[in-house]
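Notes for the structure review
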Amino acid sequence: MKASDQVLRSARIVVVDDTPANVLLLQAMLEADGYEAVEGFTDPVVALDAILKAPPDLVLLDIRMPFMDGHQVMARITSEIKEYLPIIVLTAQTDEETRIKALSGGAKDFLSKPFDQAEVLHRIRNTLETKLVYNERREHASLLEEVVSERTQELAHMASHDLITGLPNRASIRRDVARMEGKGKGLVMLVAIERLGNVSDVMGPAVGEMVLRSCAEELRDRMPKDSLMGYWGGSDFFVYVPGGDIDICVRKVLEYFSQPLVYDGVEVVLDARIGTCAYPDDGVEADRLVQRAGLAMITGRRHGVDHYPFSVALEEEAAKRHGIERELRRAVERNQLQLYYQPKLRLSDGVAIGMEALVRWIHPEMGFVSPGQFIPVAEETGAIVPVGEWVLKQAMIDCTAWRKKGYDIVVAVNVSGRQFSGIDLPGLVERFLGETGLDPVGLEVEITESALLHDLEQAKNVLDAIRELGISIALDDFGTGYSSLSYLRQLPLTTLKVDQSFVRYLDQNTDDQAMTRTIVKMAHGLGLKAVAEGIESEFHANFLRDIDCEIGQGYLFAKPMPGSAFTDWVNVKPTQKFFAS
């Protein structure tokens, strides 16, 4: 026997007819055909009660019965039983009105009296098979609906959560922050994980994702239970802490990243920068809060601190910085840059032997823009390359003119680290030598330690090529960075400059005296000249002269001045003494 046949034979069938003989006859037919659960009722009221309490699979229902006819029973069944329950009407009447009324009331088929056994068994089997198909489809639909519901929930979760970290994503954060309006105050943290990109570059994206996921879990565990945390994107996490005590949260984050982290046996060194702002004082929209906390974070990074709070002054400074960045790109073509020169004197006799070229920017609307404001912007944006080219060529033009007038001077020009990697610096210098006619001995290129350390090998190659042109090379701000004899000996240097931070307090600090004496002695030991900057008093000048520092510059001698003023200064004070006798 097929499985479907077994299901059909076990179906519960209820026979309702006020004639006992009809009930017995139908029961006998069905049981003889193998049906196992056939119940008979002659009282429609009792039958209805049984049906409503335990709905069967099929009802064989007589139409004409006392107390309650078949139409009334059908009406109760169809109104109170929501599941599919087929009804076959038993009737001796063949008039169309009775049949139409039965069909409209819910009947699925008819059995005419007197009963024909073959017809009875076929119609019952067909009806039960139809119900079986219906049940199967309903179960399938129910299963499909369940799958769709689960998938819908998954899609909804995916739409509102980041797949890697499992945290609410940017869209979800925006909605959650919008719902917070009018519900109190709090503080927002934007946490940026630094050096995460290095992990992906070195160990692969899978490890990078694993580390990001682990960081998300650790951050979540360290935040208060009532905080709102989400993944903003990149390596940035958004955290809202109700109330005002965010210092503990900041400390917990920084403590976590203060030590090397281990993932699957691999040690990873990461860092975190945090910017904070206040809700709702600094904004009520997520994007505004992130923008302001992000500005604070970037400012902190620029100042070398891990945590920085937002203030309106930061926004004003950022707007000004943006204006500087925008206008700086046009400064060269609009002839807004000027060169100022600070004289460099031989300390043994006070004679001017050269000058350092310093760029100044005079904007028609912003006025004098401090180098401390626009040089860092130029370095970050790459505008330092065209600015540096202009400074180099203009300084060479001016120096050529002065040397033609008989001044035996050397112009020192600062070169940015960007110019080492962004252009063919030796080729540029050689071309400018040809265009300006400057004798190579009249030019000195100044570089800083930070410019060298990014790629020491490349820097050495560039400096070697410049030195082969006959140009002097000075290392600026020595002692303030990664000072190392090993790299000093590798580079074709001619001069070592003592940073003004050591010179400024020579008259007050014996440590600075010892450090300056050591630097000068080291320069001489390497066969280099020593230059001191920031000389502001006779004590400074005398001390430096006494330790055999050859050259000095500073406000004691002269402030930076335009080219025309420099010519006058040299003419008036070519050998003036600035030292105590």
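Located above this text is the structure these notes cover.
For the structure given in this document, a descriptive report is provided here. (Residues numbered from 1 in each chain as written. Predicted model: local features only at pLDDT ≥ 70, side-chain atom pairs only at ≥ 80, totals over all residues. Heavy atoms only, no water.)

Things to note about the overall build of the chain
Looking only at helices and strands, one finds 23 helices and 22 strands in the chain. Compactness check: the chain gives a C-alpha radius of gyration of 46 Å against a globular reference of 25 Å for 581 residues, more than 25% above the reference. Projecting the C-alpha coordinates of the chain onto the three principal axes gives extents of approximately 145 × 50 × 50 Å. Considering the chain as a whole, with its 581 residues, one finds that 47% of them fall into the buried category. Taking as baseline every contact in the chain between residues at least 6 positions apart, the subset at least 24 positions apart corresponds to 68%. By element, 51% of the accessible surface of the chain is carried by carbon and sulfur atoms, the whole surface being about 28,500 Å². (Helix = DSSP H or I, 4+ residues; strand = E, 2+ residues; numbered from the N terminus. Rg over C-alpha atoms; globule rule 2.2 N^0.38 Å. Buried < 20%, exposed > 50% of the residue type's maximum accessible area, 1.4 Å probe, protein only. Contact = heavy atoms within 4.5 Å. Areas by Shrake-Rupley, 256 points an atom, 1.4 Å probe, with all protein chains shown as cover.)

Re the state of the cysteines
One pass over the structure, following the stated rule, counts 0 disulfides. Cysteine C215 is unpaired, with the sulfur of C249 as its nearest cysteine sulfur at 17 Å. (Disulfide = S-S within 2.5 Å.)

Focus: the layout of surface pockets
Of the volumes computed, that of the largest pocket is approximately 1,100 Å³. Contributions of two or more residues to the lining of the largest pocket are made by β14 (351-363), α13 (371-381), α14 (384-404), α15 (417-422), β17 (443-448), α17 (449-453) and β18 (472-478). Take the lining of the largest pocket: its biggest share by element is 5 residues, from β14. Its residues assigned to classes, the lining of the largest pocket comprises 14 nonpolar, 12 polar and 10 charged. Size it by volume and the second largest pocket reaches roughly 210 Å³. I298, R301, R302 and E380 are the residues that line the second largest pocket. If one sorts the elements of the lining of the second largest pocket by residue count, helix α11 (residues 286-303) sits on top with 3 residues. In terms of residue class, the lining of the second largest pocket is built from 1 nonpolar, no polar and 3 charged. (1 Å grid on protein atoms, 1.4 Å probe; cavity = no way out; pocket = protein on both sides within 12 Å on 5 of 7 lines; lining within 4 Å. Points joined across faces, edges and corners; volume = space filled by probe spheres on them. Nonpolar A, V, L, I, M, F, W, Y, C, P; charged D, E, K, R; others polar.)

Remarks on a nonpolar patch on the surface
A grouping of L155, M158 and L163 is seen on the molecular surface, where their side chains present a nonpolar patch of about 300 Å² in accessible area. Here L163 lies in the loop between α6 (117-160) and α7 (170-179). (Patch = residues over 30% accessible without salt bridge, like charges linked within 9 Å, V, L, I, M, F, W, Y side chains within 5 Å. Salt bridge = Lys/Arg side-chain N within 4 Å of Asp/Glu carboxyl O.)

Looking at the environment of A278
Note on placement: A278 falls in strand β11 (residues 271-279). Sequence spacing of A278 and K185 is 93 residues, and the spatial spacing of their C-alpha atoms is 7.7 Å. With residues near it in sequence (within four places) discarded, A278 still touches G186, L187, G283 and L289.

A short note on helix α4 (residues 70-80)
Turning to α4, its buried residues are G70, H71, V73, M74 and I77. One side of α4 holds all its buried residues, which, seen down the axis, span an arc of 160 degrees. Of the surrounding elements, those touching the buried residues of α4 are α3 (44-53), β3 (58-62), β4 (87-91) and α5 (96-105). Two or three places before H71, at the opening of α4, D69 has a side-chain oxygen 3.2 Å from that residue's backbone nitrogen. (Arc of directions from axis to C-beta. Polar contact = N/O pair within 3.5 Å; in protein donor to acceptor, adjacent residues only side chain to side chain.)

Topic: the packing of aromatic side chains
According to the stated counting rule, one finds 11 aromatic pairs in the structure shown. Taken together, Y341, W402, F566 and W569 form an aromatic cluster joined through their ring pairs. The lysine or arginine in question, R9, covers the ring of Y35, its NZ or CZ lying 5.0 Å from the ring centre. (Phe/Tyr/Trp six-rings, centres within 6.5 Å; stacked < 30°, edge-to-face > 60°. Lys NZ or Arg CZ within 6 Å of the ring centre and 35° of its normal.)

Looking at the nonpolar core
In terms of nonpolar packing, the biggest core is built from 78 residues, with Y341, V411, L443, I447, L475 and L544 touching the most fellow members. No other element matches the 9 residues that α14 contributes to this core. The contact partners of L475, leaving out residues within four places of it in the chain, are I447, T448, E449, L452, Y487, L488, L493, T495, L496 and K497. Ranked by size, the runner-up nonpolar core spans 31 residues in total, among them M223, V250, L261 and Y263. (Core = buried A, V, L, I, M, F, W, Y, C linked by side-chain atoms within 4.5 Å.)

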